[in-house]
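# Examining the three-dimensional arrangement
The chain contents come next:
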Amino acid sequence: MRNIIVGTAGHVDHGKTSLIEAMTGYNGDELKEEKERGITIDLSFTNMKRDDVNVAFIDVPGHEKLVKNMISGAFGFDASLFAIDAKEGIMPQTIEHLEVLNILKVKNIIVALTKSDLVDTQTLEKRKEEIKKLISNFPNLHLMEVFTTSIYDKKSIEKLKNYLFNLPPRNITHSKFFRYYIDRVFSLKGIGTVVTGTVLSGKVKLKDNIYINETKTLTTVKNLQVHGEDVKEAYTHQRVAINLNINHNELKKGYLLSTKGYLRGFKLIDVFVRPALNKEIFHNMDILFISGAKRIAAKLLMFNPEEKKGFATIKLQEKAFLVFEDPFVILHNGRVVGGGEVLNPISDPIKKKKKLNLLKALNKKDFKAAFKILVENHKRGFGLLQSYQRFNLTPNEALNIAKTLDNVFIDEENYNVFSVE
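Residues numbered from 1 in each chain as written. Predicted model: local features only at pLDDT ≥ 70, side-chain atom pairs only at ≥ 80, totals over all residues. Heavy atoms only, no water.

## Concerning the overall build of the chain
To keep things clear, this is the line we draw: Only DSSP runs of H or I with at least four residues qualify as helices, and only runs of E with at least two residues qualify as strands; both kinds are numbered from the N terminus onward. Relative accessibility decides the category of a residue: with a 1.4 Å probe and only protein chains considered, values under 20% of the type maximum give buried, values over 50% give exposed, and everything between is partly exposed. Any two residues whose heavy atoms approach within 4.5 Å are treated as being in contact. Areas reported as accessible are Shrake-Rupley estimates using a 1.4 Å probe. Residue values count occlusion only from the protein chains shown.
Regarding its fold elements, the chain presents 10 helices and 25 strands. Counting all 421 residues of the chain, 53% fall into the buried class. For the chain, restricting intrachain contacts to residue pairs at least 6 apart in sequence, the fraction spanning at least 24 positions comes to 66%. Looking at the chain as shown, the accessible area adds up to about 19,800 Å², and 47% of this sits on carbon and sulfur atoms.

Below you can see the structure in the form of structure tokens.
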């Protein structure tokens, strides 16, 4: 079955949840508090199936105070179904949510002009032009289509559904190791601990031992479900609920589950960072760092304090288990101010000038130049077994790059590279 993950986003009360209910017959706002307040507080999940295609929806909050939950949901989207009220038009959280999607490089944007039955044709055309102009400001976004919808117009809903079922599949590179952020954790009577999330890489099987990086403990997979159906395996890019053999109190939202032995955690990471539209970032800025469902208070340290974007070190208050090119978003005083990509997830003692050259090489994916710097810096040998985390390369791919270097000795059996200069 082909799985498509679609995230709904947009300003509060612009009809995201009602639109999903019209397509699937399911209202994602399950929690009592959500019902009472009439907004989506946490991430809600539902899906619709046709033939061999499964469209999974992640409905994320639109309220301005809940933007952190929205960011957690945006990782893993194939496309975003963006709801804009035809009567109200573009609002503050419309722009902020587009900023997040732009930073996370969720390329494909499908706009649903909701409540279109409440406005005339002239207003609808005006809204379409406003939307096209706004999205053109975001270099990583592509406006695929604008649909005029109303939950009272079944034809408009069916037209949108047909389009979503026919979205092209995304190219997925399957990594060898499993990685999965917990976005919900709870306990069910007679079943035990259940977590939900999206498989970021690799796969997970029944009875697998998986590693909880934050607590350095192992747990066992008792059951797996993909949209309510029991499965033996779950793969990259699938939404999956995992029944674990562990007390739910030992887990938290944001914890990273993975195959043991692939990741190390660090409080210092090096990144490329850029500001959001009409926002500023600055040296020594207090931020909230968000990657996947992980949120950590941090400080932003620019390599050149005078620059408003570029290479930076992020000093985290707790360890993060990140991989090369992981996207991230930064908040300041509760608002999205920027984001970027992780370049160096492993903290090495290295002088600033040499570190800057390393980051420039990594930013261009010039791994040969990066290897040369790291080999020179690791006098007792530069290990390639962490190539997944450092470069998103297999150890063998890294070994082949190392073989192109001059003045090195390579211990192929142990995947170590030594400088002989």
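From this point, things continue past the structure.
## Considering the packing of helix H1 (residues 16–24) against helix H6 (residues 154–165)
Operational definition: The angle between two axes is taken between their N-to-C directions and runs from 0 to 180 degrees, where each axis is a line fitted to C-alpha atoms and a helix contributes only its stretch in contact. Small angles under 35 degrees read as roughly parallel and large ones over 145 as roughly antiparallel, with 65 to 115 read as roughly perpendicular and the rest as oblique. Any residue that is not Ala, Val, Leu, Ile, Met, Phe, Trp, Tyr, Cys, Pro, Asp, Glu, Lys or Arg is counted as polar, Gly included; the first ten are nonpolar and the last four charged.
Taken N-terminus to C-terminus, the directions of H1 and H6 make an angle of 85 degrees; their axes are 10 Å apart at the nearest point. By the angle class used here, H1 and H6 are roughly perpendicular. Residues Leu19, Ala22 and Met23 of H1 lie in contact with H6, whose contacting residues are Ile157, Leu160, Lys161 and Leu164. In the contact of H1 with H6, the residues fall into six nonpolar, no polar and one charged.

## Things to note about unusual backbone geometry
The backbone of Asn278 shows a phi angle near 60 degrees, a positive value even though the residue is not glycine. Along the chain, Asn278 falls in the loop between strand E17 (266–275) and strand E18 (285–291). Look at Asn407: it is not a glycine, yet its phi comes out positive at around 60 degrees. Of note, Asn407 is situated in the loop between helix H10 (395–402) and strand E24 (408–411). For Asn407, a relative accessible area of 43% puts it in the partly exposed group.

## Focus on the packing of aromatic side chains
Rule in force here: Each Phe, Tyr or Trp ring, with Trp reduced to its six-membered ring, pairs with another whose centre is within 6.5 Å; inter-plane angles below 30 degrees give stacked pairs, above 60 give edge-to-face pairs, and intermediate values give tilted ones.
Taken as a whole and assessed by the stated rule, the structure comprises 13 aromatic pairs. Ring geometry for Phe371 against Phe391: centres 4.9 Å apart, planes inclined by 40 degrees, an arrangement best described as tilted. Pair noted here: Phe371 is in helix H8 (residues 367–377) and Phe391 is in helix H9 (residues 387–391), with a separation of 20 residues, a long-range link. Since its relative accessible area comes to 0%, Phe371 is described here as buried.

## Details of the pairing of E24
Cut-off, in case you're wondering: Any two strands are treated as partners once DSSP identifies two or more bridges connecting them.
When E24 meets strand E25 (residues 416–419), the two strands line up antiparallel, connected through four bridges. Counted as the bridge partner of Phe409 is Phe418 from E25. Counted between consecutive antiparallel strands, the loop separating E24 from E25 contains four residues, among which Tyr415 sits at a positive phi close to 55 degrees.

## Examining the environment of Leu405
Within the secondary structure layout, Leu405 lies in the loop between H10 and E24. For the pair Leu405 and Ser419, spaced 14 residues apart in the sequence, the C-alpha separation amounts to 9.7 Å. Leave out the neighbours within four places in its chain, and Leu405 touches Lys368, Phe371, Lys372 and Val375.

## Notes on helix H4 (residues 92–103)
To keep it simple, the criterion reads: The span expected for a helix works out to 1.5 Å for each residue beyond the first.
An ideal rise of 1.5 Å per residue puts 16 Å on 12 residues; H4 measures up with 17 Å between its terminal C-alpha atoms. Counting buried residues along H4, 10 of its 12 residues qualify, which places the element largely inside the surrounding structure. If you check which residues of H4 are buried, you get Gln93, Thr94, Glu96, His97, Leu98, Glu99, Val100, Leu101, Asn102 and Ile103. Downstream of H4 by a residue or two, Lys105 has a phi angle that is positive, lying close to 60 degrees.

## Some details on H6
For the record, the criterion: It is the directions from the helix axis to the C-beta atoms whose arc is reported. Residues adjacent in sequence count toward polar contacts only when both atoms are side-chain atoms; beyond that, a polar contact is any pair of N or O atoms within 3.5 Å, and within protein one must be able to donate a hydrogen and the other to accept it.
For H6, with 12 residues, the first-to-last C-alpha span of 16 Å sits near the 16 Å given by 1.5 Å per residue. Taken together, the buried positions of H6 are Ser156, Ile157, Leu160, Lys161, Leu164 and Phe165. All buried residues of H6 project into a common sector of 170 degrees when viewed along the axis, lining one side. Opposite its buried face, H6 presents the exposed residues Lys155 and Lys159, each directed more than 90 degrees away. Put simply, Asp153 is the residue that caps the front of H6, since its side-chain oxygen is 3.2 Å from the backbone nitrogen of Lys155.

## Points about the pattern of salt bridges
Note the following rule: Should a side-chain nitrogen of Lys or Arg be within 4 Å of a carboxyl oxygen of Asp or Glu, the pair is scored as a salt bridge.
Taken as a whole and judged by the stated rule, the model has 18 salt bridges. A salt bridge links Glu125 to Lys128; its shortest N-O distance comes to 3.6 Å. Of the two residues, Glu125 and Lys128 both sit in helix H5 (residues 121–135), three residues apart, roughly one turn of that helix. Put simply, Glu412 and Lys403 hold a salt bridge, and the shortest N to O gap is 3.6 Å. Residue Glu412 is classed as partly exposed on the basis of its relative accessible area of 43%. Members of the salt-bridge network, linked through shared partners, are Lys105, Arg274 and Glu341.

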